[in-house]
Amino acid sequence: MFKDTKAFSGFSVNDLTAAKEFYGQTLGLEVEENPAGLFLKISGGSGVFVYPKDDHTPATYTILNFQVDDIDQAVDALTSKGVTFEQYENMTDEKGIARGLSSNRGPDIAWFKDPAGNILSVLQES
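These lines cover the structure that appears in this document, whether it is placed above or below. (Residues numbered from 1 in each chain as written. Predicted model: local features only at pLDDT ≥ 70, side-chain atom pairs only at ≥ 80, totals over all residues. Heavy atoms only, no water.)

**Overview of the overall build of the chain**
Phase 1 of the analysis: When helices and strands are tallied, the chain shows 2 helices and 8 strands.
Phase 2 of the analysis: When its helices and strands are written in sequence order, the chain yields β-α-β-β-β-β-α-β-β-β.
Phase 3 of the analysis: Taking 14 Å as the expected radius of gyration for a compact globule of 126 residues, we find that the chain reaches 15 Å, a close match to that expectation.
Phase 4 of the analysis: Overall size of the chain, expressed as C-alpha extent along the three principal axes, is 45 × 35 × 25 Å.
Phase 5 of the analysis: For the chain, with 126 residues in total, the buried portion stands at 40%. (Helix = DSSP H or I, 4+ residues; strand = E, 2+ residues; numbered from the N terminus. Rg over C-alpha atoms; globule rule 2.2 N^0.38 Å. Buried < 20%, exposed > 50% of the residue type's maximum accessible area, 1.4 Å probe, protein only.)

Set out below in structure tokens:
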């Protein structure tokens, strides 16, 4: 039914101005404003809609994963811009990177939050 239908995902934030600055300036994404919210242009994808919600509750799961060529470089660059990476006991190193989580040597991944508390990640495929 939807095989040839375009689709996009979306998520809420509690402060659209802070989201625009974070996604546009900190992460360097192209951000388009529209009357209902923001549209993030993601390379290779259809994009993501970000909308304001007064009773916003941060997602408890990863809403966006950014694949990078060098996770250490990406973490260092984001840290220099004030991004704090999540620390999970017995899982992440001092930078906040979980290295090879599965027995099949899964991707190295590091999680961080947007200003609304939603969880994002950078990951490097092995």
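**Section: the nonpolar core**
Phase 1 of the analysis: Core analysis: the largest hydrophobic core is formed by 26 residues, its most contacted members being F11, Y23, L40, L64, F85, F112 and V122.
Phase 2 of the analysis: Of all the secondary structure elements, the ones that give two or more residues to this core are β1 (9–13), α1 (16–26), β3 (37–41), β4 (48–52), β5 (62–67), α2 (71–80), β7 (108–113) and β8 (119–124).
Phase 3 of the analysis: Membership of the second largest hydrophobic core comes to 5 residues, among which are A98, W111, I119 and L123. (Core = buried A, V, L, I, M, F, W, Y, C linked by side-chain atoms within 4.5 Å.)

**Looking at the side chain of T26**
Phase 1 of the analysis: Its location among the elements puts T26 in helix α1.
Phase 2 of the analysis: The residues touching T26, leaving out its near neighbours within four places in the chain, are E21, L78, K81 and V83. (Contact = heavy atoms within 4.5 Å.)

**Considerations on the sheet that holds β7**
Phase 1 of the analysis: Pairing within the open sheet is mixed, and its 4 strands lie in the order β5-β8-β7-β6. Either end of the sheet is taken by a strand with one partner, and the two such strands are β5 and β6 (97–98).
Phase 2 of the analysis: In this sheet, β8 lies alongside β7 in antiparallel orientation, the contact comprising 6 bridges. Looking across to β8, one finds that K113 is bridged to I119. (Pairing = 2+ DSSP bridges.)

**Observations regarding the pairing of β7**
Phase 1 of the analysis: With 5 of its 6 residues buried, β7 lies for the most part within the structure.
Phase 2 of the analysis: For β6 and β7, the ladder comprises 2 bridges, and the chain directions are antiparallel. From the neighbouring strand, A98 faces β7, where its bridge partner is I109.
Phase 3 of the analysis: Hairpin geometry of β7 and β8 is characterised by an intervening segment of 5 residues between the two adjacent antiparallel strands and by a positive phi of about 90° at G117.

**Some thoughts on the sheet that holds strand β2 (residues 30–34)**
Phase 1 of the analysis: What the 4 strands build is an open sheet, ordered β1-β4-β3-β2; its pairing is mixed. In this open sheet, the two strands that pair with only one neighbour each are β1 and β2. In this sheet, neighbouring strand axes are inclined to one another by 25° on average, regardless of whether the strands run parallel or antiparallel.
Phase 2 of the analysis: Here β1 pairs with β4 via 5 bridges, running parallel. (Axes fitted to C-alpha atoms, helices over the stretch in contact; angles between N-to-C directions.)

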